[in-house]
Amino acid sequence: MAQIIPDGSNGPAHGAGFMTSDAGRPVGDNQNSMTVGPRGPIVGDDFLLFEKMAHFNRERIPERVVHAKGSGAFGTFVCTSDEIQKYTTAALFQVGKQTPLLARFSTVGGEKGSADSERDPRGFSVKFYTEEGNWDMVGNNTPVFFVRDPLKFGDFIHTQKRHPQTNLKDATMMWDFWSLAPESLHQVTILMSDRGTPMGYRFMNGYSSHTFSLVNAQNELFYCKWHFKSAQGIKNFMADEADQMKATDMDYSQRDLFGAIEKGDFPKWNVKVQVMSEADSKTYHINPFDLTKVWPHADYPLIDVGVMELNRNPVNYFAQIEQAAFEPRNVVPGMGFSPDKMLQARLISYPDAHRYRLGGNYQSLPVNAPQCPYATYNRDGTMALGDNGGASPNYEPNSFGGPVQNPRYTERKVNLDNPVMGRWDHREHDGDYYTQAGNLFRMLGPDGQKRLCANIAGSLSTVPERIRTLQISHFEKCDPAYGEGVSKAVDAALGTAGMKAEPVGELVNA
Ligand code: NDP
């Protein structure tokens, strides 16, 4: 892509404001194709036409398989408390220190052109450009997830996409999977509650959901979960408002975020962390590495860390948001991972997806590159940007003064408890899918519970009875009132269903 410098300094032949081809050749006529006579055919000499058409044909890159529809902005993180220094040496956590960042929010299941107000979890990703490399906090607006073994991730996502035959979103696929994978109950309850349809991205919280680790100056290990609490407060669309918004403004969340920042109303999130000692992680009654569970606040209170503010819109959506590549493996010294199986799969899967979508040099794109000095021996590949390491050595060790390792940053050794390899069945070790989903149900209060049951029934009433019955039996185990509420709401929905057309998904799958 030709970079035209407005003052014309990129080429004496061009002059200020004049157009060129991508190769820099001055363009004399950008209005008329080159033809044989005024009514004649186009000729192969028309370098400009064929370049424009060929580039246009290549404008789309593969959209993300999940989180395709998104919005983002730049901003700053300011550390406001030194308490976290007890747990980590990460350099960004010095009181008053400002770290530039990029945040991207998204829906999950829909395509790039889908509506922003769909009932769906929301992605909540932040790239902190720290002085020790990029820290990517790649989370969601929910503290848990539908599955806890990555082997089931692709199966689950297929149920959120289109039916292989009808090419329609299909409630039967979703409830069939969820009813057979009851570890999903906690996240399903959040999804079907008011928080399933946030009023844009400014009014929702973000969570790492996964458990990560921290290492302090004494080389002690802690586990942690990150929380980003909206300073704007939580605001959600009611189900009918969300449906209405799909018809009124499919891009509501994009418009809301961009517009707020444009007028100087900068959204903020209070960044907090829950911390668990390594010793506790071995004895706590909840598996701390189970992505379907939260750590109750009463046991692990939130510790203040700082404030994230978004204050700068992208100037080019494609370059800065579409090409942004977040990946949970990007942690900085003083941070690490955990045995959470879902996290471990994401450490491999995210860079793999970026290589497919953006190419092997995706980390060199300006929006993804670190803003601190960096020096690797990786070279070449499609679209090697910049000088590709110039004449410096491309192997290590070398005797020509190339960069060397710094033992100070060697990862802390981790003691694994049960080093016996196998396909361990998580259901045998923890079959409690119900307690935390029930806790959430009880916390919602009568009105919230009523809306939750109605939201579930709107979808569950359209699926075959055997699937409905199994799913309602799971809700009953969370709380008898939950089962009864959904059951009654389904009956009410079925009572009025005679007035409606039969849903296509049910006909195909029943
Ligand atoms: P607490 O009473 O200490 O925490 C409840 C938390 O739930 C609140 O602090 C708030 O977290 C969140 N919450 C409040 N209203 C709603 C709502 N309408 N929908 C969803 N979440 C809401 O109890 P526990 O820590 O034992 O958690 C009880 C249940 O709350 C959990 O089973 C879980 O479903 C949910 N929850 C728990 C979180 C945690 O990290 N412990 C985080 C979020 C939800 P926030 O300010 O983060 O929204």
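Residues numbered from 1 in each chain as written. Predicted model: local features only at pLDDT ≥ 70, side-chain atom pairs only at ≥ 80, totals over all residues. Heavy atoms only, no water.

**Q** Just to check I follow, could you spell out the overall build of the protein chain for this structure?
**A** Within the protein chain, the secondary structure is distributed over 15 helices and 10 strands. A compact globule built from 510 residues would reach a C-alpha radius of gyration of about 24 Å, and the protein chain, at 26 Å, matches this within 12%. Taken across its 510 residues, the protein chain has 47% of its residues classed as buried. The long-range share in the protein chain, meaning contacts at least 24 apart out of those at least 6 apart in sequence, stands at 71%. Entry remark: accessible area of the protein chain is about 26,200 Å², with carbon and sulfur atoms responsible for 54%. Averaged over its 51 positive side-chain charges, the protein chain has a centre that lies 1 Å from the centre of its 59 negative ones. (Helix = DSSP H or I, 4+ residues; strand = E, 2+ residues; numbered from the N terminus. Rg over C-alpha atoms; globule rule 2.2 N^0.38 Å. Buried < 20%, exposed > 50% of the residue type's maximum accessible area, 1.4 Å probe, protein only. Contact = heavy atoms within 4.5 Å. Areas by Shrake-Rupley, 256 points an atom, 1.4 Å probe, with all protein chains shown as cover. Lys, Arg positive; Asp, Glu negative; His and termini not counted. Charge placed at Lys NZ, Arg CZ, Asp CG, Glu CD.)

**Q** How should the packing of helix α4 (residues 185-192) against helix α11 (residues 435-443) be read in this particular structure?
**A** Any two packed helices are characterised by the angle at which their axes cross and by the distance between the axes. Between α4 and α11, the least distance of the axes is 8 Å, while the angle of their chain directions is 25°. Accordingly, the angle class assigned to the pair α4 and α11 is roughly parallel. The two elements α4 and α11 cross, and the hand of that crossing is left-handed. Seen from α4, the contacting residues are Leu185, His186, Thr189 and Ile190; seen from α11, they are Gln436, Ala437 and Leu440. Classifying every residue of the contact of α4 with α11 gives four nonpolar, three polar and no charged. (Axes fitted to C-alpha atoms, helices over the stretch in contact; angles between N-to-C directions. Parallel < 35°, antiparallel > 145°, perpendicular 65-115°, else oblique. Left-handed = near helix turned anticlockwise from the far one by under 90°. Nonpolar A, V, L, I, M, F, W, Y, C, P; charged D, E, K, R; others polar.)

**Q** Help me understand the state of the cysteines in this model?
**A** Put plainly, a disulfide is one covalent bond tying together the sulfur atoms of two cysteines. Summed over the entire model, instances satisfying the criterion amount to zero disulfides. Free cysteine Cys478: the closest other cysteine sulfur is in Cys453, separated by 11 Å. (Disulfide = S-S within 2.5 Å.)

**Q** I tried to follow the pattern of salt bridges on my own but got confused; where do I start?
**A** Should their charged atoms come close, side chains of opposite charge can pair. For the structure shown, the criterion picks out 28 salt bridges. For Lys282, the salt bridge identified is with Asp417, shortest N-O distance 3.2 Å. Of this pair, Lys282 sits in helix α7 (residues 278-283) while Asp417 is found in the loop between α9 (341-358) and α10 (426-429), placing the two residues 135 residues apart along the sequence. Its relative accessible area of 45% is what places Lys282 among the partly exposed residues. (Salt bridge = Lys/Arg side-chain N within 4 Å of Asp/Glu carboxyl O.)

**Q** Please clarify how the site of the ligand should be interpreted in this entry.
**A** Taken together, 17 residues form the shell around the ligand, and within it His186, Arg195, Tyr207, Lys229 and His297 come nearest. Residue Tyr207 places a side-chain N or O atom 2.6 Å away from an oxygen atom belonging to the ligand. Within the backbone of Trp295, an N or O atom sits 3.1 Å from a nitrogen atom of the ligand. In isolation the ligand offers 770 Å² of accessible surface; the protein chains occlude 74% of this area. (Near = heavy atom within 4 Å. Polar contact = N/O pair within 3.5 Å; in protein donor to acceptor, adjacent residues only side chain to side chain.)

**Q** What is the right way to read the environment of His67 from this model?
**A** Relative to the assigned elements, His67 resides in the loop between α1 (47-57) and β1 (70-79). Each C-alpha atom, one on His67 and one on Gly336, is 24 Å from the other, the two residues being 269 residues apart in sequence. Beyond its immediate sequence surroundings of up to four residues, His67 is in contact with Arg104, Ser106, Thr107, Val108, Gly123 and Asn140. Engagement of the side chain of His67 in a polar contact is seen with the side chain of Ser106, the distance being 2.8 Å.

**Q** Could you clarify how one ought to interpret the side chain of Asn140 in this entry?
**A** Inspection of the secondary structure assignment puts Asn140 in strand β4 (residues 133-140). For Asn140, a relative accessible area of 11% gives the class buried. For Asn140, the residues in contact, after removing those within four places along its chain, are His67, Arg122, Gly123, Phe124, Phe145, Asn205, Gly206, Tyr207 and Ser209.

Keep in mind these numbers describe shape, not what the thing actually does.
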